[in-house]
Amino acid sequence: MNADFTERRKETLVNMCEERARMLQDQFNVSMNHVHALAILVSTFHHGKQPSAIDQQIFAEYTARTAFERPLMSGVAYALRVLHAEREEFEKKHGWKIKKMETEDQSLAKDDYNLEKLDPSPVQDEYAPVILSQETVSHIVSIDMMSGKEDRENILRARATGKGVLTSPFNLLKSNHLGVVLTFAVYNTNLPHSATPEQWTKATVGYLGASFDVPSLVDKLLHQLASKQTIVVNLYDTTNVFAPIRMYGPDVDGAGEMHISNLDFGDPTRKHEMHCRFKHKP
Ligand code: WA2
């Protein structure tokens, strides 16, 4: 094999990988900006108006009609911050009980997934029950998102920082696909960027979140590009460099030429990479 051919083959791999990484990052970025705008919409028309101008029907219609703005999100939902002292009144007003998220070992029968079967949330200082949802994630309505480890960590970090934050990859409810959740807190005042974590937390009234179903949405994105047959694409969460998590793509062996493209999903505490290889040896 001559050196010129090897060089051109390498260049092709770099270009294909970079094109896919930029496309994924750009789609994530526009999706994230739109989720941020939804948090402001809820702040303005739900909390900022008496009575609220948003109910489940309006939220479902608006989020369905603007879904094209969030190409990497399988659904968005809004969870309200409810203190324990407010729980009884909240449950009476909505006509349902705040429910506990089922753990993975309880959810083996995904086909049987049923909100009616979930247990009420045990007593906590505060809760984050979902009150508004896009139709695609209606299965999380009434669930306390603080009862799920990844969702809870995201909520605490989002509200203390005033920024959009991402979870590590974990199995999403119902689809059971590996995914990540993006969360923006909603506040009752317009705080300056310089506000302290305590000030941000105190002003929190709820959480606007979106789920990114990685296998189905990355597949959809890559299929939009020609010659998917020629390269193998893997997506990793490399936040812990010693324990990368494979989020997308087949289990590949380490041999053969590979190119790594960096990805920036807007949360500086999380690191992601795309790894690309040719399917066939030259
Ligand atoms: N959304 C969809 N599927 C999920 C999920 C989730 N969280 N968690 C597990 N499976 C309402 O951050 C607040 C969305 C959480 C927001």
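Remember, predicted model here, so these are calculated numbers, not experimental data.

Student: Honestly, the site of the ligand in this entry has me stumped. Any pointers?
Tutor: Ala77, Ile140, Met145, Asp151, Phe170, Leu172, Leu173, Val181, Thr183, Tyr207, Gly209 and Ser211 make up every residue found near the ligand. A distance of 2.6 Å separates a nitrogen atom of the ligand from a polar side-chain atom of Asp151. Here a nitrogen atom of the ligand sits 2.9 Å away from a polar atom, N or O, in the main chain of Leu173. Isolated, the ligand exposes 400 Å² of accessible area, and the fraction of that covered by the protein chains is 99%. Going through the elements one at a time, strand 9 (178-187) and strand 10 (204-213) are the ones with two or more residues in the shell around the ligand. Counting residues per element, the shell around the ligand draws most heavily on strand 10, which supplies 3 residues. Its residues assigned to classes, the shell around the ligand comprises 8 nonpolar, 3 polar and 1 charged.

Student: Explain the pattern of salt bridges here, please?
Tutor: Opposite charge on two side chains permits pairing when their charged atoms draw close. Under the definition given, this model contains 10 salt bridges. The shortest N-O distance in the salt bridge between Asp4 and Arg8 comes to 4.0 Å. Of the two residues, Asp4 and Arg8 both sit in helix 1 (residues 3-47), 4 residues apart, roughly one turn of that helix. With a closest N to O distance of 2.9 Å, Arg81 and Glu126 form a salt bridge. Here Arg81 is found in the loop between strand 1 (75-80) and strand 2 (82-83), whereas its partner Glu126 is found in strand 4 (residues 126-127), with 45 residues between them in sequence.

Student: Which parts of the structure should I look at to understand the packing of helix 1 against helix 6 (residues 214-223)?
Tutor: Axes are the key here: two packed helices are described by the angle between their axes and the distance separating the axes. At a minimum axis distance of 11 Å, the contact between helix 1 and helix 6 shows a crossing angle of 125°. The orientation of helix 1 relative to helix 6 falls into the category oblique. Regarding helix 1 and helix 6, the two cross each other, and that crossing is right-handed. Here Arg20, Met23, Leu24 and Gln27 of helix 1 come into contact with helix 6, specifically with Val218, Leu221 and Leu222. Of the residues in the contact of helix 1 with helix 6, the class split is 5 nonpolar, 1 polar and 1 charged.

Student: Explanation requested: the state of the cysteines in the structure shown.
Tutor: Throughout this description, disulfide means a covalent bond between two cysteine sulfur atoms. Here the structure, examined in full by the defined rule, presents 1 disulfide. Here Cys17 pairs with Cys276 through a disulfide, and the sulfurs are 2.1 Å apart. The S-S bond linking Cys17 to Cys276 shows a torsion near 75°; that makes this disulfide right-handed. Separated by 259 residues along the polypeptide, Cys17 in helix 1 and Cys276 in strand 14 (residues 272-278) bring together distant segments of the chain. For Cys17, a relative accessible area of 0% gives the class buried.

Student: Would you mind showing me how to read helix 3 (residues 87-94) here?
Tutor: Listed as buried for helix 3 are Arg87, Phe90 and Glu91. Projection of helix 3 onto a plane perpendicular to its axis shows the buried side chains occupying an angular sector of 95°, all on one side. The exposed set on the far side of helix 3, more than 90 degrees from its buried face, consists of Glu88, Glu89, Lys92 and Lys93. In this fold, the buried residues of helix 3 make contact with strand 1, strand 2, strand 4 and strand 5 (130-133). Of the residues trailing helix 3, Gly95 is marked for its positive phi of about 75°.

Student: Looking at this structure, I do not really get the nonpolar core. What am I missing?
Tutor: Generally speaking, nonpolar side chains in soluble globular proteins are found buried as a group. Counting residues in each nonpolar core, the largest one holds 49 residues, and the members touching the most others are Leu24, Tyr78, Leu208 and Phe212. Tallying contributions element by element places helix 1 first for this core, with 12 residues. If sequence neighbours within four positions are ignored, Leu24 has contacts with Leu72, Phe212, Val218, Leu221, Leu235, Leu263, Phe265 and Met274. Within the second largest apolar cluster, 20 residues are counted, among which are Ala79, Ile140, Ile155 and Trp200.

Parameters and conventions
Residues numbered from 1 in each chain as written. Predicted model: local features only at pLDDT ≥ 70, side-chain atom pairs only at ≥ 80, totals over all residues. Heavy atoms only, no water. Near = heavy atom within 4 Å. Polar contact = N/O pair within 3.5 Å; in protein donor to acceptor, adjacent residues only side chain to side chain. Areas by Shrake-Rupley, 256 points an atom, 1.4 Å probe, with all protein chains shown as cover. Helix = DSSP H or I, 4+ residues; strand = E, 2+ residues; numbered from the N terminus. Nonpolar A, V, L, I, M, F, W, Y, C, P; charged D, E, K, R; others polar. Salt bridge = Lys/Arg side-chain N within 4 Å of Asp/Glu carboxyl O. Axes fitted to C-alpha atoms, helices over the stretch in contact; angles between N-to-C directions. Parallel < 35°, antiparallel > 145°, perpendicular 65-115°, else oblique. Left-handed = near helix turned anticlockwise from the far one by under 90°. Contact = heavy atoms within 4.5 Å. Disulfide = S-S within 2.5 Å. Buried < 20%, exposed > 50% of the residue type's maximum accessible area, 1.4 Å probe, protein only. Arc of directions from axis to C-beta. Core = buried A, V, L, I, M, F, W, Y, C linked by side-chain atoms within 4.5 Å.

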